[in-house]
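Below, each chain spelled out in residue letters.
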Amino acid sequence: MSFSSEWEQRYAESTHLSVWPWSDVVSLVHRHLKPILMAGGGRVLELGSGAGANIPLFISLGMDYYGIEGSPTIVKKLHQRYPDLIQNIIEADFTTRQPFEGRFDLVLDRASLTHNNTVSIRSALQIVSDALKPDGIFIGSDWFSMNHSDFLSGEAVDGRWCSILT
């Protein structure tokens, strides 16, 4: 599955540019990574960096940030905003490979996996498992369900429903 043309359009038109993390990400990171943070940081890989809303959080926590994002437009903007992270934020498909060396203390997905088909999600979860340190943490939040408010605006993908942009 290739990167969504709808998301690329949103980023190109600057209509989806959240710049600070959602409270659930902040809470989950502080709850589950406390020992790593107390030890002085760690490595985090974000699937679908988007406009970089979570980057300031991880920088403030002293973590080494890495991100995989499918949109060339938003990756270019992130490189301009975070020039020290040019090698750490790349344009790629996180459902096919993890391009960084080493393992991670945390892999984060905040509503990126849910925009893929079942085969791609399973592939990405295996990649996540392989990318984590033995005591690493995967945080996946905001996966859509049939109870999600946007369910009716979704479209069927491989026998399941997938949210589309509204």
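Fair warning: this is a prediction, and the values are worked out from it, not measured in the lab. (Residues numbered from 1 in each chain as written. Predicted model: local features only at pLDDT ≥ 70, side-chain atom pairs only at ≥ 80, totals over all residues. Heavy atoms only, no water.)

Undergrad: What am I meant to see in the overall build of the protein here?
TA: Assigned secondary structure in the protein consists of six helices and seven strands. Reading the protein from its N terminus to its C terminus gives the helix and strand order α-α-α-β-α-β-α-β-β-α-β-β-β. By the burial criterion, 45% of the 166 residues in the protein qualify as buried. Pairs at least 24 apart in sequence give 65% of the contacts found in the protein among residues at least 6 apart. (Helix = DSSP H or I, 4+ residues; strand = E, 2+ residues; numbered from the N terminus. Buried < 20%, exposed > 50% of the residue type's maximum accessible area, 1.4 Å probe, protein only. Contact = heavy atoms within 4.5 Å.)

Undergrad: What should I look at first to understand the pattern of salt bridges in this one?
TA: Side-chain pairing between opposite charges can occur once the charged atoms of the two side chains come close. The final tally for this structure, using the stated rule, is one salt bridge. Where Lys133 meets Asp105, a salt bridge forms, and the shortest distance between an N and an O atom there is 3.3 Å. Taken together, the positions of Lys133 in strand E5 (residues 132-141) and Asp105 in strand E4 (residues 104-110) put the pair 28 residues apart, joining distant regions of the chain. Lys133 sits in the partly exposed class, given a relative accessible area of 30%. (Salt bridge = Lys/Arg side-chain N within 4 Å of Asp/Glu carboxyl O.)

Undergrad: Is there a simple way to think about the packing of aromatic side chains in this case?
TA: Under the counting rule described, the total for this entry stands at three aromatic pairs. With centroids separated by 5.4 Å and ring planes inclined at 75°, the aromatic side chains of Tyr66 and Phe104 adopt a geometry described as edge-to-face. With Tyr66 in strand E2 (residues 64-69) and Phe104 in strand E4, this residue pair connects regions lying 38 residues apart in the sequence. Ring pairs connect the aromatic residues Tyr66, Phe100 and Phe104, which therefore count as one cluster. Sitting above the plane of the Phe104 ring, Arg43 keeps its charged end 4.3 Å from the centroid. (Phe/Tyr/Trp six-rings, centres within 6.5 Å; stacked < 30°, edge-to-face > 60°. Lys NZ or Arg CZ within 6 Å of the ring centre and 35° of its normal.)

Undergrad: What should I look at first to understand the pairing of E2 in this one?
TA: A regular strand places its side chains on the two faces of the sheet in alternate fashion. Counted residue by residue, E2 has five buried out of six residues, so it is predominantly covered. In terms of strand pairing, strand E1 (residues 43-47) meets E2 through five bridges, oriented parallel. Bridge assignment links Val44 to a residue of E2, and that residue is Tyr65. Both E2 and strand E3 (residues 89-91) contribute to a ladder of three bridges, which runs parallel. Bridge pairing in E3 places Gly67 opposite Ile89. Crossover handedness for the path E2 to helix H5 (residues 72-81) to E3: right-handed. (Pairing = 2+ DSSP bridges. Right-handed = clockwise from strand over helix to strand, strands pointing away.)

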